[in-house]
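Below are the chains, spelled out letter by letter.
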Amino acid sequence: MTQTTADSPARRQRAQIKARTLRTDQWWRYPLVTFIIFTAFLVYATWAIFDASYFVPPYNAPFSSPCLATSCPEGARLFGFAPFGDWYTLPPGLLILGLPAGFRFTCYYYRKAYYRGFWLSPPACGVSEPHSKYTGESRFPLILQNVHRYFFYAAIVIGLILAYDAVLAFVDKPLGLGTWILVVNAVFINLYTLSCHSCRHITAGRLNHFSKHPVRYRAWGFVSKLNAKHQELALISMFTVMGADLYVRLVTKGIVNFPFA
């Protein structure tokens, strides 16, 4: 009988398993549900960008806020700031939606989700992928995922703008259903942004001695607690921003019309 040692060729070879996976659970549910939800969100976002019904005082649809052209309604502009003149007649969402979209697209959670749901790379743990070659995020175009930390700063600005829109709605119409929908959305958008891994690193990720930086340590502790819920906040905020945007557009179109709308 021939013995196989740790250094023998037989030991160094990988197990030859022809089955795609040996898992017996419904591993395909996660990538399938992810594909359906994300596709629905992308379809809605595409429609919302080109929809002209985005503002009805005091509500501003999140996907079109802020409006940066003078052709936009005055109340839809942020402090009246409109660097794009009357010549810009395209939908306002085209000017700013790339910032929050870039933040979500390069987010660590979303990367895991759509790598599995859309690219099947891999579709689940312990399941082989259909791709014969894997280079990670070291080559174009996936190397661009590293700009996530810069999109974080843009996401902070967008989150503050959505919070400002919610405050304006609350001051003008405190009992409006739309006001509270915008408030809830602003809260979850900002919680999702602060729960980002980049935020946790920026807060205190490079400190060697927490005792010398007590304020940053407390901030890091708060962000770390949010970071543990990053996946949940990513999904919840995706639904709140889509729901808030849709509600404002329905009110603008007159489809939703009651005393406390």
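Note that the structure is predicted; figures quoted are calculated from it, not measured.

### Here's the deal with the nonpolar core
- Phe-38, Phe-41, Phe-63, Phe-103, Tyr-109, Tyr-110 and Tyr-192 are the most contacted members of the largest nonpolar core, which has 31 residues in total.
- For this core, the secondary-structure elements that each account for two or more residues are helix 2 (29-50), helix 5 (108-117), helix 6 (148-172), helix 7 (177-194), helix 9 (214-227) and helix 10 (230-252).
- Sort the elements by how many residues they give to this core and helix 2 lands first, with six residues.
- Once residues lying within four places of it in the same chain are set aside, the contact partners of Phe-103 are His-148, Phe-151, Phe-152, Ala-155, Tyr-192, Thr-193 and Cys-196.
- In this structure, Tyr-54, Cys-67, Ala-169 and Leu-182 belong to the second largest nonpolar core, which totals 15 residues.

### Looking at helix 6
- Taking 1.5 Å as the rise per residue, helix 6 with 25 residues should run 36 Å; its terminal C-alpha atoms sit 36 Å apart, in good agreement.
- Taken together, the buried positions of helix 6 are occupied by His-148, Phe-152, Ala-154, Ala-155, Ile-158, Gly-159, Ile-161, Leu-162, Asp-165, Ala-166 and Ala-169.

### What to know about the packing of aromatic side chains
- One pass over the full model with this rule turns up 21 aromatic pairs.
- A ring pair is formed by Tyr-114 and Tyr-115, whose centres lie 5.2 Å apart and whose planes are at 85°; its orientation type is edge-to-face.
- Judged by relative accessible area, Tyr-115 falls into the buried class, the value being 13%.
- Taken together through their ring pairs, the aromatic side chains of Phe-38, Phe-103, Tyr-109, Tyr-110, Phe-152, Tyr-153 and Tyr-192 make up a single cluster.

### Section: the environment of Arg-149
- Summarising the element assignment, Arg-149 is placed in helix 6.
- Linking Arg-149 and Cys-196, residues 47 residues apart in sequence, is a C-alpha distance of 9.2 Å.

### Some details on the side chain of Thr-106
- If you trace the backbone, Thr-106 turns up in the loop between helix 4 (98-105) and helix 5.
- There is a polar contact of 2.9 Å between the side chain of Thr-106 and the side chain of His-148.
- The contact partners of Thr-106, leaving out residues within four places of it in the chain, are Arg-111, Leu-144, Gln-145, Val-147, His-148 and Phe-151.

### Examining the pattern of salt bridges
- Using the criterion set out here, one finds four salt bridges in the structure.
- Between Arg-23 and Asp-25 there is a salt bridge, with the nearest N and O atoms lying 2.6 Å from each other.
- Residue classification places Arg-23 among the partly exposed residues on the basis of a relative accessible area of 31%.
- Measuring nitrogen to oxygen at the nearest pair gives 2.8 Å for the salt bridge that ties Asp-51 to Lys-253. Placement of Asp-51 in the loop between helix 2 and strand 1 (55-56) and of Lys-253 in the segment after helix 10 is noted, with a sequence separation of 202 residues between them.
- With relative accessibility at 10%, the residue Asp-51 sits in the buried group.
- Connected through shared salt-bridge partners, Asp-51, Asp-245, Arg-249 and Lys-253 make up one network.

### Details of the state of the cysteines
- Taken as a whole and judged by the stated rule, the model has one disulfide.
- Disulfide pairing is shown between Cys-67 and Cys-72; the S-S distance is 1.5 Å.
- Classification of Cys-67 as buried rests on a relative accessible area of 0%.

### Looking at the environment of Val-127
- Mapped onto the secondary structure, Val-127 falls in the loop between helix 5 and helix 6.
- Classification of Val-127 by relative accessible area gives buried; the value is 6%.
- Apart from residues no more than four positions distant in its own chain, Val-127 is found in contact with Arg-20, Thr-21, Arg-23, Trp-27 and Pro-122.

### Section: unusual backbone geometry
- Residue Pro-57 is joined to Pro-58 through a cis peptide bond whose omega torsion reads 0°.
- As for its placement among the helices and strands, Pro-58 is situated in the loop between strand 1 and strand 2 (59-60).
- With omega at 0°, the peptide bond leading from Ser-65 into Pro-66 counts as cis.
- You can see Pro-66 is positioned in the loop between strand 2 and helix 3 (93-96).

What counts as what
Residues numbered from 1 in each chain as written. Predicted model: local features only at pLDDT ≥ 70, side-chain atom pairs only at ≥ 80, totals over all residues. Heavy atoms only, no water. Core = buried A, V, L, I, M, F, W, Y, C linked by side-chain atoms within 4.5 Å. Buried < 20%, exposed > 50% of the residue type's maximum accessible area, 1.4 Å probe, protein only. Helix = DSSP H or I, 4+ residues; strand = E, 2+ residues; numbered from the N terminus. Contact = heavy atoms within 4.5 Å. Expected span 1.5 Å × (residues − 1). Phe/Tyr/Trp six-rings, centres within 6.5 Å; stacked < 30°, edge-to-face > 60°. Polar contact = N/O pair within 3.5 Å; in protein donor to acceptor, adjacent residues only side chain to side chain. Salt bridge = Lys/Arg side-chain N within 4 Å of Asp/Glu carboxyl O. Disulfide = S-S within 2.5 Å.

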